[in-house]
Amino acid sequence: MQQSRDPDGERVRRLRLRADGQRPLVVNLKETISLTRKLFELRDSARRAR
C-alpha cells in the first residue's frame with residue numbers, strides 16, 4: 001500500500017487503524033455497514049440531482 005505524503009495524515013491513519021484493531025469485530029462491522037449505506041444514499045442522491 002502506498003503511504004501518504006502527508007506525515008500528519010499518515011499518523012492519524014495509523015492511530016485509527018490501531019484503535020479499530022482494539023475494538024470488537026462486531027463494532028467495526030456495524031460501522032462499515034452504516035458507512036456503506038450512507039455511501040449508497042449519497043450515490044442515489046447524486047444520481048437524482050443529475
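Nothing here was measured: the structure is a model prediction, and the numbers come from that model. (Residues numbered from 1 in each chain as written. Predicted model: local features only at pLDDT ≥ 70, side-chain atom pairs only at ≥ 80, totals over all residues. Heavy atoms only, no water.)

Draft legend 1. Expanded view of a nonpolar patch on the surface. Nonpolar side chains collect at one region of the surface, where Leu25, Leu29 and Ile33 lie side by side and expose about 300 Å² of accessible area between them. Judged by its relative accessible area of 59%, Leu25 falls in the exposed class. (Patch = residues over 30% accessible without salt bridge, like charges linked within 9 Å, V, L, I, M, F, W, Y side chains within 5 Å. Areas by Shrake-Rupley, 256 points an atom, 1.4 Å probe, with all protein chains shown as cover. Salt bridge = Lys/Arg side-chain N within 4 Å of Asp/Glu carboxyl O. Buried < 20%, exposed > 50% of the residue type's maximum accessible area, 1.4 Å probe, protein only.)

Draft legend 2. Representation of the pattern of salt bridges. In the structure shown here, the tally under the stated rule is six salt bridges. Salt-bridge contacts for Arg14 lead to Glu10; the nearest nitrogen and oxygen are separated by 4.0 Å. In this pair, Arg14 and Glu10 are both assigned in helix α1 (residues 7-22), four residues apart and thus about one turn of the helix distant. Arg14 sits in the partly exposed class, given a relative accessible area of 43%. Between Glu41 and Lys38 there is a salt bridge, and its shortest N-O distance comes to 3.5 Å. Here Glu41 and its partner Lys38 are both found in helix α2 (residues 25-49), three residues apart, which amounts to about one turn of the helix. A single network of salt bridges, built from pairs that share partners, joins Glu10, Arg13 and Arg14. (Helix = DSSP H or I, 4+ residues; strand = E, 2+ residues; numbered from the N terminus.)

Such coordinate-based values are descriptive only and should not be taken to indicate function.
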